[in-house]
Every structure is written in C-alpha cells, then in structure tokens.
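As a plain string of letters, each chain reads:
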Amino acid sequence: MASSPFPKTPDALQSELKQIEENSRTLLRVSTTRATVAQTPKQVIWTLNKAKLYRYIPVVPAEQRHKIPLFLVFALMNKPYILDLRPGNSFIEYMVNKGYDVYLLDWGTPGIEDKELKFDDYVLDYITRAVRKVKAVSGSDELSMLGWCIGAILSTIYAALRPDDGLKNLILLTAPLDFSDKTAGGFVRWVNDQGFDPEKIVTAFGNVPGEMIDYGAKALKPVENYIGSYLMLWDNLDNPRVVESWHAMNTWVTDLIPMTGATYLQLIQELYRENRLIQGTMVIRGEQVDLSRIRANLLDVIAESDHISPPCQSESIMTRVGSQDQLLLKVKGGHIGMMAGSGALKRTWPHIDAWLAARSD
Amino acid sequence: MSTQPDIPNTLDPFGTLRALRDTNLESWSKMMIDLVNSDEYSQATAQWLDTYVTMSQPLQRIIDMTMTQVLTGLHMPLRTDVTSLAERLTNLEIRLDDQDAKLDDILSALQALSAANHAEDASIVTPTRSDNGARATRATHSVSAKDNDTGVSHTSQTGSAQKKAKERDH
C-alpha cells in the first residue's frame, strides 16, 4: 500500500512547515550573505598596483621551521582566499602549522586602466619582484613556488625564464598547459570555434567580466553547478558543518573579478588556440619560454575529475622540463574540490606537504 | 520520519526537483555535459556572443561620445585621463620598487663589508666571546651613526649610499 506524502497529523504538518521555514531562512542567509573567510593571520609586505604580497604569521618557532619559504600564486580571475577559505579548511593554515614560511600573491581586482596587462607583465613585473621580496623577508636565497590553474601557467613561465633566480621547488596544481587535444573539455571546444572572436569581446568590454568567465566555468557542468549544488545544500540544511562549508565556498564562487583584456587574448590566442607554451614558441617580452630550462624540483598535481583543466592538459609538462626530480600526482576530486573540498585535508595537502618537506631544508 | 524516502514531500519546495535528481541526475548531468561539449553548442554560444557584442557596441559608442561631451563641458577629467594617471602611478610604483631593490642590495653589501671588517679586526686581536659581540654591536652602530651624520631623510641617505657605491664601481 502506498503511503501518503502528506503529514498524517496536524502536529506533524506544523512541524514540517516549521522545518521548511527554518530551512528557507538558512538557505536565504547562506546564499545572500558573505561568510567570514581568509582568517589566517597575515601581513602585507609588498604592493604593486592592485597586487599585494602577504606573509602569514608563522606559528612554528623559527628553529623548527622549514628553511625554504613557500610562495603561492593563484589564478587571475578568482580571489586567492580559496587557499585560506576558513579555519580547519585552509591550505595556508595547514602549511603554516606544518612549519612553512608562507607567502601569497594576491593579484587584486584589475580596473579598466589595467586592460593592457598580460602574462609578460604578470611574470616579469609582478612575480619577479614578489620573489625578490619573499627572499629578502625570509632571508632565504631559495624558495618554493606553488601555482594553481592560471597561476600555474604564470609559475611555469617564470620557472622557464628565471631558472637561476632561486626557485628550488615548483608545484603545479591543475595546470592548463597543453592544448594539443582540441576535443578535451568544453573550454577548448568553445574558444576554437571559428565564430568565437575574443578580440571583439575585449574591444567591447576592455576587461573580460568575471560573470562571463564564471558562466563559462559553470556551464561545463550545468546540472551540478546550477541545481545539484543547491539541492545538496537543501538536503543538509540541518548539518551546520555542511552549511558553513557551502556558505564559505559560495562566498568565494560569487566573488568574481574580471580578467584583463590583453591576458584574455593571450590566453585564448597563444595558449588555447596555438598551444605555444608547450611547443616552446611562446615569447615573453622578447624572451622565448623554453620549458627545458626549468630545473626546479617539480610536483605536478592533477585532479582526476577536473573538467576545467582536463588531466591531458597538465601531464605532458613532465616530459618537457629539465627537472631531474619530478613527480606526477593524481588525486581524486575536481578543479577546486581537490584543494578546497572536504577531502583535501586527507587526499591532497598531506602529499604536497610530504613532497615539499623533503625538499625544503 | 513523516514520509518514506522514496516519496517526495509535497510541502517541500525542492521535493520534486530532489526526486527528479535522485532518479535521473546522472543521466541528466551526462546529457547536459554532452550537450555543452558538442560543436552545435560551441557554434550557438559563439553566435550568441557575437550578436550580443555587435549589438551592444553602437550603444556603447553613443554613451562614450555623450559622456565625453558632458565631462568636457563640465571641465571634468575623462575616463581616459584617469586611466592614464593610474598607469603613470603604476610606473612610478615600479620605479620605486626598483630603487627599493637597489637599496636592499646596497644595505646587504654594507652589511657584508661591515662583517668583513669585523672579521679582519677579530683576526688581529683574538677577542673573548663577549668582546666579539660588543664589537659587532659597535660596528653596526658606527654605520648607522655615519649615515645619521648626513642629517637628511632616509631617501637622501639612499642617494648618498648609491653615490658611494657608484664611486666604488668607478
């Protein structure tokens, strides 16, 4: 006999309605307010234009700390606090507790006056200077660099152009570097369509709006991003841990920043379409980016379910670099979940720490 | 529990969607992923974007022209003036950062020189451990005092230090 979907008694009905009202209130709160994020104590030690370099206050005594500082470079079109989302779910907090001297380069939000900024400027004007500051403040001639997504592109270019600048360890996370497979992932397909004209977009907008990039990322998995995420939240509204985690992640996901027009053009034209970086034909301010010049110890971390940078885009770098010490690490998870999801603490961070700790003293 | 898990609660606004998801999510998701990865979707998106941009540009041009006329009439700076100023400020920041880097180099060279002098002194007179520390402190102070003798700001000291460094190079 089929049972009724309606509550059987007035009390049950009232209780059900109360629960729905409470859930609706929680849903409204977490989807319309900002969570408190990026709480690991830090100080600004350098600025240039909108960029800021943070040093996280060490918690481990100097004599027990790793000698080589860790410098983090995040992507250009999202805020870098995904690396420090909230206490207990923060890669930065984790690494600081593990005894690293951690620095983070925050690119800031580009204005229309920055529309001409491109990879050349980010690498040679910003990263090189930030590296100098990291070395000066830490007192170390060497450093480790971790680049994530487009931050990994920038880190790779830097490592190839300045191999003698003290870069000892290079960690690439979900790095979109090889675009030879023109069917791998939605982005590659969309931007290689003949009707897609990036110059027209840049001419119209100056900088590419964050909303447009966000739409592209979400459209790769529309059901999960536009429906599944909210249903998962609704199912767990009585679980504060899930709710607060969702709130923090939603704060980050909706905190969009534009990408400078010139960088966008370079990304689409020179990388996605012409695959210049991996082919060794990319030129940055007159210098050819030769990946074989990279000698830093290399850890390449790939997310198995990455739909934004499919694994094939990150794997081939291993055969192009000159690094003797290299490791390809595949972990479960997606592009962001791999580092900021609930499983990162067990599946990803300990591996990065173990690899880096052995090379940081 | 008021309802069985497989029967959607009709009072729950998400109940129907959830039931739909539980039964069809995987195939639904796969279908949508296949759709957005198709050539047809790529063409449609490119076409839509192109139309949007093409249609918005004439309007944008009119707005730009109007704003230029209005702001010029009011003797107010244009957007291009402000962005140009911002670019100049960034260039200044870059030059300051270059000076900062040079200053760091000079300071570390001075410290190295001071340490070398100190080591030379130590090799002439074998000090006790406490004497060694005291001399090191004096040496540091003497460098600071020398700079302070100029009685000018920090920037001028940098200029002075750079001048000395240049003279040394020559």
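Residues numbered from 1 in each chain as written. Chains lettered and ligands numbered in written order. Predicted model: local features only at pLDDT ≥ 70, side-chain atom pairs only at ≥ 80, totals over all residues.

**A short note on the overall build of chain A**
Thought 1: For chain A, the helix and strand inventory stands at 16 helices and 10 strands.
Thought 2: Relative to the globule expectation of 21 Å for 361 residues, the C-alpha radius of gyration of chain A, 22 Å, shows essentially globular dimensions.
Thought 3: In terms of overall dimensions, chain A has a C-alpha envelope of 75 × 60 × 40 Å along the principal axes.
Thought 4: Split into buried and exposed, the 361 residues of chain A put 43% on the buried side.
Thought 5: Excluding contacts between residues fewer than 6 apart, the proportion of contacts in chain A whose partners are at least 24 apart in sequence is 79%. (Helix = DSSP H or I, 4+ residues; strand = E, 2+ residues; numbered from the N terminus. Rg over C-alpha atoms; globule rule 2.2 N^0.38 Å. Buried ≥ 20, exposed ≤ 12 C-beta atoms within 10 Å, placed from the backbone. Contact = placed C-beta atoms within 7 Å.)

**Structural notes on the packing of helix H6 (residues 198–205) of chain A against helix H10 (residues 261–273) of chain A**
All names here are of chain A.
Thought 1: Remark: H6 packs on H10, axes separated minimally by 10 Å, with the N-to-C direction vectors making an angle of 175 degrees. With respect to each other, H6 and H10 are oriented roughly antiparallel. Counting all contacts with H6, which are made through Pro 198, Glu 199 and Val 202, the residues of H10 involved are Gly 261, Tyr 264, Leu 265, Ile 268 and Gln 269.
Thought 2: Classifying every residue of the contact of H6 with H10 gives 5 nonpolar, 2 polar and 1 charged. (Axes fitted to C-alpha atoms, helices over the stretch in contact; angles between N-to-C directions. Parallel < 35°, antiparallel > 145°, perpendicular 65-115°, else oblique. Nonpolar A, V, L, I, M, F, W, Y, C, P; charged D, E, K, R; others polar.)

**Some points on the environment of Asp 255 of chain A**
Thought 1: Tracing the sequence through the fold places Asp 255 of chain A in the loop between helix H9 (240–253) and H10.
Thought 2: Separated by 246 residues in sequence, Asp 255 of chain A and Thr 9 of chain A place their C-alpha atoms 45 Å apart.

**Thoughts on the nonpolar core**
Thought 1: With 103 residues, the main nonpolar core has Leu 72, Val 102, Leu 154 and Ile 157 of chain A as its most contacted residues.
Thought 2: Ignoring anything within four residues of it in the chain, the contact list for Leu 72 of chain A reads Leu 83, Val 102, Tyr 103, Leu 104, Leu 105 and Leu 146 of chain A. (Core = buried A, V, L, I, M, F, W, Y, C linked by C-beta atoms within 7 Å.)

**So, the pairing of strand E9 (residues 297–303) of chain A**
Residue and element names in this part refer to chain A.
Thought 1: Of all 7 residues in E9, 6 are buried; the element is thus mostly enclosed.
Thought 2: Bridge count between E9 and strand E10 (residues 326–331): 6 bridges; the pairing is parallel. By the bridge assignment, Val 301 is partnered in E10 with Leu 329. (Pairing = 2+ DSSP bridges.)

**As for the sheet that holds strand E2 (residues 51–56) of chain A**
Residue and element names in this part refer to chain A.
Thought 1: A sheet is described by the order of its strands in space; here 8 strands give the open sequence E1-E2-E4-E3-E5-E6-E9-E10, paired in mixed fashion. Two strands lie at the open edges of the sheet, namely strand E1 (42–48) and E10, each paired on one side alone. On average, each strand axis in the sheet is tilted by 20 degrees relative to the strand beside it, whichever way the strands run.
Thought 2: Packed onto the sheet, helix H3 (residues 119–138) meets E1, E2, strand E3 (70–73), strand E4 (102–106) and strand E5 (143–148) and runs at close to 140 degrees relative to E1.

**Thoughts on the packing of helix H1 (residues 10–32) of chain A against H9 of chain A**
Residue and element names in this part refer to chain A.
Thought 1: Following both chains from N to C, one finds H1 and H9 inclined at 30 degrees, their axes separated by 8 Å at the closest point. Our classification of the angle between H1 and H9 gives roughly parallel. From H1, Thr 26, Val 30 and Ser 31 reach across to H9, where they touch Val 243, Trp 246, His 247 and Asn 250.
Thought 2: For the contact of H1 with H9, the per-class residue count stands at 3 nonpolar, 4 polar and no charged.

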